[in-house]
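One-letter residues, chain by chain:
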Amino acid sequence: APPEVAAEWRAMRQKEQMLIQRLTELEQTQREHVVVKDALEKLPAERNCYQLIGGTLVPKTVEGVLPQVSATLTNLTSVVAGLREELEKAAAARGAFESKHRIKPSGSPAAAAPAASSGAATPGVLA
């Protein structure tokens, strides 16, 4: 493949990896907000709680924090959905580019699947 094609493919792959990383971070933040929201919903509205603002714990009540957590969770959910859509488009564009230029990446999931299914190098899984 000409150097320009290879450079463009690397840029597409790098953008896709950046999207995956950002999506993973936001999904973790979203899960944390769900845990906090679920915990706060079980508490009385006048109960004292603390909110971390700029590295400082600020005393508040559940009544004051719950709407903020809910609003942030709603925003995170829409951002995560948008990023997933953008990632799908980037993956489709890269796939079309690979087909057009007959690129077969050596580290593709299809090539890595047989190695992963052997289970020999799967950390964190108890046999």
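For every chain, the first residue of the written sequence is number 1, and numbering continues from 1 onward in sequence order. Owing to the predicted nature of the model, reporting of local features is limited to residues with pLDDT of at least 70; listing and counting of side-chain atom pairs is limited to 80 or more, with chain, interface and lining totals taken over all residues. Excluding hydrogens and water, the side-chain figures rest on all heavy atoms present in the structure.

Brief notes about the layout of surface pockets
Stage number 1. Method remark: on a 1 Å grid restricted to protein atoms, a set of points is classed as a cavity if a 1.4 Å probe fits but cannot get out and as a pocket if it is open with protein on both sides within 12 Å along at least five of seven lines; lining residues have an atom within 4 Å of a point. Grid points are joined across faces, edges and corners, and a volume is the space filled by probe spheres set on the points. One number sums up the size of the largest pocket: a volume of about 200 Å³.
Stage number 2. Each helix is a run of DSSP H or I of at least 4 residues and each strand a run of E of at least 2, with the numbering of both proceeding from the N terminus. Among the elements of the structure, helix 1 (3-41), strand 1 (48-53) and helix 2 (62-100) are those that each provide at least two residues to the lining of the largest pocket.
Stage number 3. Put simply, Ala, Val, Leu, Ile, Met, Phe, Trp, Tyr, Cys and Pro go in the nonpolar bin, Asp, Glu, Lys and Arg in the charged bin, and everything else, Gly too, in the polar bin. Residues that form the lining of the largest pocket fall into these classes: 7 nonpolar, 2 polar and 1 charged.

Re the environment of Ile53
Stage number 1. Summarising the element assignment, Ile53 is placed in strand 1.
Stage number 2. Assessed through its relative accessible area of 42%, Ile53 is described here as partly exposed.
Stage number 3. Here a residue-residue contact requires only that any non-hydrogen atoms of the pair lie within 4.5 Å. Leaving out residues up to four positions away in the same chain, Ile53 has contacts with Val58 and Lys60. Only protein chains enter the area calculation, which uses a 1.4 Å probe; residues under 20% of their type maximum are buried, those over 50% are exposed, and those in between are partly exposed.

Quick notes on unusual backbone geometry
Stage number 1. Positive phi, close to 55 degrees, is recorded for Arg102, a residue that is not glycine.
Stage number 2. Locating Arg102 in the fold gives a position in the loop between helix 2 and helix 3 (109-117).
Stage number 3. The exposure class assigned to Arg102 is exposed, which follows from its relative accessible area of 76%.

Some remarks on the packing of helix 1 against helix 2
Stage number 1. Viewed as axis vectors pointing N to C, helix 1 and helix 2 meet at an angle of 155 degrees, and their least axial separation amounts to 8 Å. Relative to helix 2, the element helix 1 is oriented roughly antiparallel. With respect to the hand of their crossing, helix 1 and helix 2 are arranged in left-handed fashion.
Stage number 2. When the residues that make up the contact of helix 1 with helix 2 are grouped by side-chain class, the tally is 24 nonpolar, 6 polar and 12 charged. Helix axes are fitted only over the stretch in contact, all axes being lines through C-alpha atoms; the angle between N-to-C directions runs from 0 to 180 degrees. Roughly parallel here means an angle under 35 degrees, roughly antiparallel means over 145, roughly perpendicular means 65 to 115, and every remaining angle is called oblique. For any pair of crossing helices, the crossing counts as left-handed if the nearer helix is rotated counterclockwise from the farther one by less than a right angle, and right-handed if it is rotated clockwise.

Details of the confidence of the model for the protein chain
Detail in the predicted coordinates should be disregarded across regions flagged by low pLDDT.
Stage number 1. Confidence of the predictor at the level of single residues is captured by pLDDT, which takes values from 0 to 100. Summing up the model confidence of the protein chain, the mean pLDDT is 87 and the portion of residues at 70 or higher is 83%.
Stage number 2. Contacts from residues 110-127, a stretch scored under 50 in pLDDT, to residues over four places away or in other chains number 2 contacts.

Quick look at the pattern of salt bridges
Stage number 1. The salt bridge definition used is simple: a Lys or Arg side-chain nitrogen within 4 Å of an Asp or Glu carboxyl oxygen. Inspection of the entire model under this criterion finds 7 salt bridges.
Stage number 2. Across the pair Glu25 and Arg22 runs a salt bridge, and its minimum N-O distance is 3.2 Å. With Glu25 and Arg22 both in helix 1 and 3 residues apart, the pair spans about one turn of that helix.
Stage number 3. You can call Glu25 partly exposed: its relative accessible area is 38%.
Stage number 4. When the shortest N-O distance is used, the salt bridge between Glu98 and Arg94 registers 2.7 Å. Separated by 4 residues within a single helix, Glu98 and Arg94 lie in helix 2, roughly one turn from each other.
Stage number 5. A residue is classified by how much of its surface remains accessible, and Glu98, at 12% relative accessible area, is buried.
Stage number 6. Residues participating in the shared-partner salt-bridge network are Arg13, Glu16, Arg94 and Glu98.

What about the nonpolar core?
Stage number 1. By size, the foremost hydrophobic cluster in this structure holds 8 residues: Leu19, Leu23, Leu26, Leu76, Val80, Leu83, Leu87 and Ala90.
Stage number 2. Elements supplying a minimum of two residues to this core: helix 1 and helix 2.
Stage number 3. Element by element, the count of residues in this core is highest for helix 2, at 5 residues.
Stage number 4. Contact partners of Val80, with chain neighbours within four places excluded, come to Leu23, Leu26, Glu27 and Gln30.
Stage number 5. We define a nonpolar core as any set of buried Ala, Val, Leu, Ile, Met, Phe, Trp, Tyr and Cys residues linked to one another through side-chain atoms lying within 4.5 Å. Ranked by size, the runner-up nonpolar core spans 6 residues in total, among them Cys49, Val62, Leu66 and Val69.

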